[in-house]
Amino acid sequence: MAAVAPGALSATTKELEKAVINAVPWDAIYVDEGQRRVLAEAIRAYWEEFSSHVPRLSPAESEWLTTELGGQGERLERAINSREFALREVSDHAINCVANARNVLEALDSPEKRETEMFYWAKLINCYVDASEIQAYLRQAGLIPSSGDDSEFVMQVSGITRGKIINVVLPSSMADTMGWTIEKN
């Protein structure tokens with residue numbers, strides 16, 4: 001499997017942070033469809049780039065992992081603590097984030113799917129919930145150092161992104177779906 005270049009995602013992380021700040025202003029309580037689209041595009045682009053840097057398991061590794069995860073005791077423990085398990089978890093996380101961002105965009109593009117937009121924004125929150133778990137898997141897979149600086153494999157786990165999705169974007173999508181108006185208190 002190919003090594004990940006140090007700092008490979010730094011520029012993408014900065015682009016996402018800038019896109020989040022530009023798409024959802026600090027004092028916003030509501031963002032329109034266009035602003036939500038800009039944010040969803042930035043999130044999709046970030047996770048696609050992130051995913052492209054995660055090595056994939058070979059068919060033999062996948063088969064070994066599946067077999068071992070079906071075991072008990074030491075076999076199961078060995079599988080869960082393996083590099084292969086960590087790679088699968090990180091890869092699955094990134095793939096789910098890409099899929100949910102694409103689903104938001106699809107909902108924005110399709111009147112028939114419009115009411116599902118808020119559902120996929122809610123699912124996108126999972127991309128930013130537990131950075132420490134993903135970082136632990138990145139360490140277990142050997143993609144970041146076991147201790148110290150994690151800058152070699154940067155992952156955007158910004159509380160700002162999560163907060164803006166929860167506090168502004170999701171309620172905005174819900175308000176549009178339900179025909180509500182959001183006003184400052």
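Data block above holds the structure.
What you see is a predicted model, and the numbers here were worked out from it, not measured in a lab.

Draft legend 1. A look at the state of the cysteines. Scanning the entire structure with this criterion turns up one disulfide. Across the disulfide, cysteine 97 is cross-linked to cysteine 127 (sulfur-sulfur distance 2.1 Å). Linking cysteine 97 and cysteine 127, the disulfide has an S-S dihedral of approximately -125 degrees and is accordingly described as left-handed. Of the two residues, cysteine 97 is situated in helix H5 (residues 83-109) and cysteine 127 in the loop between helix H6 (117-124) and helix H7 (131-140); the sequence distance between them amounts to 30 residues. The class of cysteine 97 is buried, set by a relative accessible area of 2%.

Draft legend 2. Examining a nonpolar patch on the surface more closely. A cluster of nonpolar residues, Ile21, Trp26 and Ile160, forms a patch on the protein surface that exposes about 320 Å² of accessible area. Tracing the chain through its elements places isoleucine 21 in helix H1 (residues 10-23). We classify isoleucine 21 as partly exposed; its relative accessible area is 35%.

Draft legend 3. Up close: the packing of helix H3 (residues 59-69) against helix H4 (residues 73-80). Contact geometry of H3 with H4 gives a least axis separation of 8 Å together with a crossing angle of 135 degrees. In terms of their interaxial angle, H3 and H4 are classed as oblique. Where H3 crosses over H4, the handedness of that crossing is left-handed. Residue-level contacts link Trp64, Leu65, Thr67, Glu68 and Leu69 of H3 to Arg75, Leu76, Arg78, Ala79 and Ile80 of H4. Classifying every residue of the contact of H3 with H4 gives six nonpolar, one polar and three charged.

Draft legend 4. A look at helix H8 (residues 159-178). Between the first and last C-alpha of H8 there are 27 Å, a value that for 20 residues agrees with the 28 Å anticipated at 1.5 Å per step. Looking one or two residues past H8, glycine 179 carries a phi angle of roughly 75 degrees, positive in sign.

Draft legend 5. Spatial organisation of the packing of aromatic side chains. For the coordinates displayed, the defined rule picks out six aromatic pairs. Between the aromatic rings of tyrosine 46 and phenylalanine 50, the centroid separation amounts to 6.1 Å while the plane-to-plane angle is 35 degrees, which identifies the pairing as tilted. Linking tyrosine 46 with phenylalanine 50, this pair stays in helix H2 (residues 33-52), spanning four residues, or about one helical turn. Neither tyrosine 46 nor phenylalanine 50 differs from the other in exposure class; each is buried. The rings of Tyr46, Trp47, Phe50 and Tyr128 are connected pair by pair, giving a single aromatic cluster. The positively charged end of lysine 164 is found above the aromatic ring belonging to tryptophan 26, 4.3 Å away from the centroid.

Calculation notes
Residues numbered from 1 in each chain as written. Predicted model: local features only at pLDDT ≥ 70, side-chain atom pairs only at ≥ 80, totals over all residues. Heavy atoms only, no water. Disulfide = S-S within 2.5 Å. Helix = DSSP H or I, 4+ residues; strand = E, 2+ residues; numbered from the N terminus. Buried < 20%, exposed > 50% of the residue type's maximum accessible area, 1.4 Å probe, protein only. Patch = residues over 30% accessible without salt bridge, like charges linked within 9 Å, V, L, I, M, F, W, Y side chains within 5 Å. Areas by Shrake-Rupley, 256 points an atom, 1.4 Å probe, with all protein chains shown as cover. Salt bridge = Lys/Arg side-chain N within 4 Å of Asp/Glu carboxyl O. Axes fitted to C-alpha atoms, helices over the stretch in contact; angles between N-to-C directions. Parallel < 35°, antiparallel > 145°, perpendicular 65-115°, else oblique. Left-handed = near helix turned anticlockwise from the far one by under 90°. Contact = heavy atoms within 4.5 Å. Nonpolar A, V, L, I, M, F, W, Y, C, P; charged D, E, K, R; others polar. Expected span 1.5 Å × (residues − 1). Phe/Tyr/Trp six-rings, centres within 6.5 Å; stacked < 30°, edge-to-face > 60°. Lys NZ or Arg CZ within 6 Å of the ring centre and 35° of its normal.

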